[in-house]
Amino acid sequence: MSTVTVIDPTMTATREIEFRDALREAMSQEMRRDPRVFLLGEEVAQYNGAYKVSKGMLDEFGPRRIIDTPISESGFAGMAIGAAMMGLRPIVEFMSWSFSLVAADPILNNAPKMLYMSGGQFGCPIVFRGNDGAGGQLGSTHSWCVEGLYSNVPGLKMAIPSCPEDAKGLMTTAIRDDDPVFFLESERMLGMKGPVPEGDYLIPFGQAKVRREGTDCTLVSFGRPVNFCLDAAAELAKEGISCEVLDMRTIRPLDIDSIVRSVRKTNYCVVVDQSWSFGSPGSEVASQVHQHCFDDLDNFVHRVHSADVPTPYAFNLEQEYLPNARRICEAVRSCLYRA
Amino acid sequence: MSMLSEPSTSRPFDVHGKPGERTSAPATTGRRDLVDPALCRQWLRDMLMIREFENRCMQQYQDKKIGGFCHIYIGQEAIAVGCTAAVRPNDPIVTAYRDHGHALARGMAARHCMAEMFGKIGGCAKGKGGSMHMFDREHHLYGGHGIVGAQIPLGVGLAFACKYMDEVIDGRPNSRVALAFLGDGALNQGAIHEAMNLAGLLDIPCVIICENNGYSMGTSIHRGTTMGHDIISKAIGYGIDGYVVDGMDCLSVYHDMSAIVEKCRRESRPAFVDMRCYRFKGHSMSDPRKYRTPEEENQYASDDPIGRLKLHLEERGELPEAVLKEMQKEIRDEVREAIAWSEASPEPPMSELYHDVFVEPHGPFNGTSLPQMLQRKDLR
């Protein structure tokens, strides 16, 4: 994996663990700390998690707090929202965010709107989490990037970590947050290893992280494609192009200030977003950068997205479909008039 | 089964059953004896209050004081009142969009209910929810929900939380039951089937009450629902006990629901109730009701739940005319006052637009606060 320069100033990570272990540590630490927190979803308990994120949690917390559900997303998501309205703090695992589409009504119509529609009477402190995005040759229906669809809805927060350390810190923040959090993981990253502090720590929402400093072009991304950006930046460095890689970590709220700061320095901006381009977080970032940095930009904001087609199964097509390092390099060269 | 205990041959219309067909209903109590007459008079008052409120609501809607959709509860008052009487004040309830009756029966002041429909800051949700979205934390009313059937998973979640808080957090037996109301038009939504499966599977103490008024908007139950004459068979398929209750009779509702609720509380199990009733008005204010005949409507109107309770009290000498007159006057005054209060209540200030979106203030979002209705109240 590419070099990750972030270290929380108050902690020193002395060991490396997998992304999935980092998620589990955050959930387990919070469950020990707060009895209102529980986990439910398909295969989370006896099976130890379809992707082993919740491995061992049934043994520690028992079946009353680690709850296997039937394949019934609309039902169990709605049930968890009702429980959150009463003050519990459910963590709902969607085996894949692709499966959340059948629960669109509760997760979009109830959770993010409850506080508003009840005039401040009932909040919804809940975390929905699961795998997001393509990369495993699962075909189009199982490869959804839901950030484009769901980040459109007011009242929710959306965290999309790109490395194990952020996975743990952002998950801890998500569970303690009083508002609904959509937490997007990636099946392709669950085995990724990185330094992770052992204690509990919070990474605040709405604070981007500079993953790599640079002077020629700002690369804005979140989630798995941050790693593609780091690969691209390493490649472009060989050509003498210095990229600054910004990891947004959350896109709701969006830390536009950090983007603006970087773009005012580099005067070029490329947004890398694995959702489809039309009406996406990437188009939102581009729009805001154009608004705030109109006089600073030496070219329009370039964007790299997944191809505007259903996700293909074939390995080569799927790799080309994703915003891979090669496509990012091409976009940067084009943006900097070096194509 | 209580409602067949008084068979009548002079009732040609039956929107629920195909006469003579077997249903899978186990017997409910069949009781409709008088409870404490003072309590009974209180229920009559509550039902009259809902009736008067809804009649005035329709006027306010015609006068364009109320916008959006507005669904009138007239004809179904015995259900909200009888069910509320059968549970404890801290048993949570959740319902669909025909929710004014539940809010009033649960104890919301008429002014906050009316002001909500007027879109005023004094409304229960500061005018942000409207007719379909009545919430009241003090009285454990978790909405008022506009999407057909979506409130049933929420209701199962409320009951789940009650049980979790008692058993997992506090280490004591479950003490609460949730009531989740739906209409018969919601019976074919996937969400309610998923919710019933979960409730049955996880032993969740939720009573799912189908206010079966025979119509899903303009579609009669037999045109839209298989086994429409026997809807509890759907719950039985999920291992949930089903009951048929005469929803036109407040005393039957009270007695049957008391037995059902206490069984659910004791056993920590769900139940499903086919609460048979009739909606006297249209689906919403814009419904000309061409899908049913005046003859059918008249038959049900002659069997008014308010008339039944009144008669019951009168026959026992428990409702002197002067008492009834005074009651009716008080109610008229109260609803008139609610309307005047709602008119006087200011529109929500523009600062409310970005208020109550998130608990934590950030960006343009300026935090959250309780509505006027609940300010200075301890809601623990």
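Remember, it's a predicted structure, so these values are computed and weren't measured experimentally. (Residues numbered from 1 in each chain as written. Chains lettered and ligands numbered in written order. Predicted model: local features only at pLDDT ≥ 70, side-chain atom pairs only at ≥ 80, totals over all residues. Heavy atoms only, no water.)

Asker: Would you mind going over the interface of chain A and chain B with me for this structure?
Answerer: Accessible area lost on assembly of the parts is the figure often given for the size of an interface. At the interface, 40 residues of chain A touch 52 residues of chain B. Together chain A and chain B conceal approximately 3,700 Å² of surface at their shared face, both sides included; 69% is due to carbon and sulfur atoms. If you sort the residues of chain A by the area they bury against chain B, A:Met86, A:Tyr116 and A:Gln121 come out on top, with a joint share of 21%. Counting every contact that joins chain A to chain B gives two salt bridges. Ranked by the residues each element gives to the side of chain A that touches chain B, the list is headed by helix H3 (residues 73-85) of chain A, at ten residues. Within the side of chain A that touches chain B, the residues separate by chemical class into 19 nonpolar, twelve polar and nine charged. (Contact = heavy atoms within 4.5 Å. Buried area = accessible area lost by both parts, 1.4 Å probe. Salt bridge = Lys/Arg side-chain N within 4 Å of Asp/Glu carboxyl O. Helix = DSSP H or I, 4+ residues; strand = E, 2+ residues; numbered from the N terminus. Nonpolar A, V, L, I, M, F, W, Y, C, P; charged D, E, K, R; others polar.)

Asker: Would you mind showing me how to read the domain arrangement of chain A here?
Answerer: All names here are of chain A. The domain architecture assigned to chain A consists of domain 1 (16-195) and domain 2 (209-335). A straight line from the C-alpha centre of domain 1 to that of domain 2 covers 26 Å. Counting residues at the interface gives 32 residues for domain 1, matched by 26 residues for domain 2. Three residues stand out in domain 1 for area buried against domain 2, namely Gln137, Ile160 and Ser162, and they jointly supply 25% of the buried area on that side. Our count for the contact surface shared by domain 1 and domain 2 stands at two salt bridges. Across the pair arginine 211 and aspartate 166 runs a salt bridge whose closest N-O atoms are separated by 2.3 Å. (Domains from an automatic or database assignment.)

Asker: Mind showing me how you'd approach helix H5 (residues 151-169) of chain B here?
Answerer: Every α-helix carries 3.6 residues per turn, so stepping three or four residues along brings you back to the same face. Helix length check: H5(B), at 19 residues, gives a terminal C-alpha distance of 25 Å against a target of 27 Å (1.5 Å per residue), a fit within 8%. Among the 19 residues of H5(B), 16 are classified as buried, and the element is accordingly described as predominantly covered. (Expected span 1.5 Å × (residues − 1). Buried < 20%, exposed > 50% of the residue type's maximum accessible area, 1.4 Å probe, protein only.)

Asker: Hey, could you run me through the nonpolar core in this one?
Answerer: As a rule of thumb, nonpolar side chains are buried together in soluble globular proteins. In terms of nonpolar packing, the biggest core is built from 85 residues, with A:Ile107, A:Phe128, A:Phe182, A:Val289 and B:Phe272 touching the most fellow members. In terms of residues, this core owes the most to one element, H5(B), which gives ten residues. Viewed by domain, this core spans two of them, domain 1 (16-195) and domain 2 (209-335) of chain A, each represented by three or more residues. Every residue in contact with A:Val289, bar those within four places of it in the chain, is listed here: A:Ile256, A:Ile259, A:Val263, A:Cys269, A:Phe294, A:Leu297 and A:Val301. (Core = buried A, V, L, I, M, F, W, Y, C linked by side-chain atoms within 4.5 Å.)

Asker: Would you mind going over the sheet that holds strand E4 (residues 89-96) of chain A with me for this structure?
Answerer: Hydrogen bonds between backbone atoms are what pair the strands of a sheet, whose relative direction is either parallel or antiparallel. Residue and element names in this part refer to chain A. An order of E3-E2-E4-E5-E7-E6-E12 is seen for the seven strands of this open sheet, with the pairing classed as mixed. Of all the strands in the sheet, the pair left with one neighbour each is strand E3 (66-68) and strand E12 (250-252). The sheet shows a mean angle of 20 degrees between the axes of neighbouring strands, direction not considered. Pairing of strand E2 (residues 37-41) with E4 involves five bridges; the strand directions are parallel. Within E4, the residue paired with leucine 39 across the bridge is isoleucine 91. Sitting on the sheet, H3 touches E2, E4 and strand E5 (127-131), and the angle it makes with E4 is about 165 degrees. In this fold helix H7 (residues 164-176) packs onto E2, E4, E5, strand E7 (181-185) and E12, with an angle of close to 160 degrees to the strand it touches most, E7. (Pairing = 2+ DSSP bridges. Axes fitted to C-alpha atoms, helices over the stretch in contact; angles between N-to-C directions.)

Asker: What exactly am I supposed to notice about the packing of helix H1 (residues 37-62) of chain B against helix H9 (residues 250-267) of chain B here?
Answerer: Axis angle and axis distance: for two packed helices, these are the angle between their axes and the distance between the axes, and together they describe the pair. Residue and element names in this part refer to chain B. Where H1 meets H9, the closest approach of the two axes is 11 Å, and the angle between their N-to-C directions is 115 degrees. In the packing of H1 onto H9, the handedness of the crossing is right-handed. Contacts between H1 and H9 involve Cys40, Trp43 and Met47 from the first element and Cys250, Leu251 and Tyr254 from the second. Residues that form the contact of H1 with H9 fall into these classes: six nonpolar, no polar and no charged. (Left-handed = near helix turned anticlockwise from the far one by under 90°.)

Asker: What is the right way to read the packing of aromatic side chains from this model?
Answerer: The relation between two aromatic rings is expressed through the spacing of the ring centres and the mutual angle of the planes. Taken as a whole, this structure holds 21 aromatic pairs over all chains when the rule is applied. Pairing A:Phe128 with A:Phe182 gives two aromatic rings, centres 5.3 Å apart and planes at 70 degrees, and the pair type is edge-to-face. In this pair, A:Phe128 is assigned in strand E5 and A:Phe182 in strand E7, connecting sequence segments 54 residues apart. Each member of the pair, A:Phe128 as well as A:Phe182, carries the same accessibility label: buried. These aromatic residues form a ring-pair network of at least three members: A:Phe76, A:Phe94, A:Trp97, A:Phe128, A:Tyr150 and A:Phe182. For the cation-ring pair, B:Arg292 lies above B:Tyr215, with the distance from its terminal atom to the ring centre recorded as 5.3 Å. (Phe/Tyr/Trp six-rings, centres within 6.5 Å; stacked < 30°, edge-to-face > 60°. Lys NZ or Arg CZ within 6 Å of the ring centre and 35° of its normal.)

Asker: Sorry, what's going on with the sheet that holds strand E9 (residues 209-212) of chain A here?
Answerer: Residues and elements named next belong to chain A. Pairing within the open sheet is mixed, and its five strands lie in the order E9-E11-E10-E13-E14. At either margin of the open sheet sits one strand with a lone partner, and together these are E9 and strand E14 (302-304). Each strand axis lies, on average, 25 degrees off the axis of its neighbour in the sheet, ignoring direction. The pairing of strand E13 (residues 269-272) with E14 spans three bridges and is classified as parallel. From the neighbouring strand, valine 272 faces E14, where its bridge partner is valine 304. Sheet strands in contact with helix H8 (residues 225-237) are E9, strand E10 (217-221), strand E11 (243-247) and E13, and its direction is about 170 degrees off that of E11.

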